[in-house]
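Here are the chains, one letter per residue:
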Amino acid sequence: MSKRFLIAAWFCLCGLSIQAAWLPDVTEQALAELGVAYGTPQISGFVFIEGRYIPPPYTVTRRGNGIFINRIQVEQPVPWTNGTPDSALAGDGVRKTVDADGDFEEVSPTVEPVKQANDIDELFNDIGTPAARPEVEQPESMAVRGPEQIKLAKEAMLEGLERLRKGYEVALGRGEIFFFGSQKRVNGNYGSARTMMGVLPKALRQAQSPQELHHSLRQGGVFFIDIGICGELYRNRTTFPLLEERLKKIEESEALEEARRNKEARRW
């Protein structure tokens, strides 16, 4: 077994042990009542969680009211309270993850106000096509209303959560990049991700501080990563072998595609 493989395997195991500390655990009751939805593994895309690179394949799973990527919770857009969907998002409101043109967008937790659960389709309309609005009354008094209202609210939440889960899956399949953290999320298309991958592995290997890493990235034309994300990346700088390995695979794939195109061109 090669040394390179051992290093990559060790870091993969470390990545699986990451806990997104800024999100509450999915309750046993939410898991029991909402169940689990498994996604299809995606070999494309790039995921960083609190600055640590998680290598593909990526499987986006819904467990209860939480969205997980490779067993790491990255989203819990609607809290679960006393056996029902909560009437509002927990504290920080909705945080958009994918903008309309697929370009980068960083979103602060305080950008959007808290939304009521009667707007539950709006809670999830950042990814995919919004579903028709279900007839769900405001759940502030859900505890004193009948089971039919609670059932409708759960169905609406499940529909939105699945749309969100599928949105992440499709975006990763397109090669997009996601940075998840307690203060912000950043998402971008493959072109932006490819530019970053051409610079980040070497910059992370050589950097002696977050500021130096930030400067190196900007020198390489990577402007969407701010000093805060650079701090997270720097704390996880020992993952650079995984990034170097990923870059090598990307370059090999690009070389094969270029050779194929040249071969096709010669035929004509």
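Our structure is the block above this text.
On a predicted model such as this, the values are computed, not experimentally measured, just so you know.

Conventions and cut-offs
Residues numbered from 1 in each chain as written. Predicted model: local features only at pLDDT ≥ 70, side-chain atom pairs only at ≥ 80, totals over all residues. Heavy atoms only, no water. Helix = DSSP H or I, 4+ residues; strand = E, 2+ residues; numbered from the N terminus. Buried < 20%, exposed > 50% of the residue type's maximum accessible area, 1.4 Å probe, protein only. Contact = heavy atoms within 4.5 Å. Areas by Shrake-Rupley, 256 points an atom, 1.4 Å probe, with all protein chains shown as cover. Pairing = 2+ DSSP bridges. Polar contact = N/O pair within 3.5 Å; in protein donor to acceptor, adjacent residues only side chain to side chain.

## Notes on the overall build of the protein
Phase 1: Along its length, the protein carries eight helices and 11 strands.
Phase 2: Counting all 268 residues of the protein, 48% fall into the buried class.
Phase 3: Contacts in the protein between residues far apart in sequence, at least 24 positions, make up 65% of those at least 6 positions apart.
Phase 4: With an accessible surface of roughly 13,700 Å², the protein has 53% of that area assigned to carbon and sulfur atoms.

## Some thoughts on the pairing of strand E4 (residues 60-63)
A regular strand places its side chains so that they alternate between the two faces of the sheet.
Phase 1: Across two bridges, the pairing between strand E1 (residues 36-37) and E4 is antiparallel. In the strand pairing of E4, Ala37 is matched with Arg62.
Phase 2: The antiparallel pairing of E4 with strand E5 (residues 66-69) creates a hairpin that spans two residues between the two strands, and Gly64 there sits at a positive phi of about 60°.

## Concerning the side chain of Gln42
Phase 1: Looking at the element boundaries, Gln42 is found in the loop between E1 and strand E2 (46-49).
Phase 2: Residue Gln42 is classed as buried on the basis of its relative accessible area of 17%.
Phase 3: In this structure the side chain of Gln42 is engaged in a polar contact, spanning 3.0 Å, whose partner is the backbone oxygen of Thr40.
Phase 4: Setting aside residues up to four positions removed in sequence, Gln42 forms contacts with Pro56, Pro57, Tyr58, Glu169, Leu172 and Gly173.

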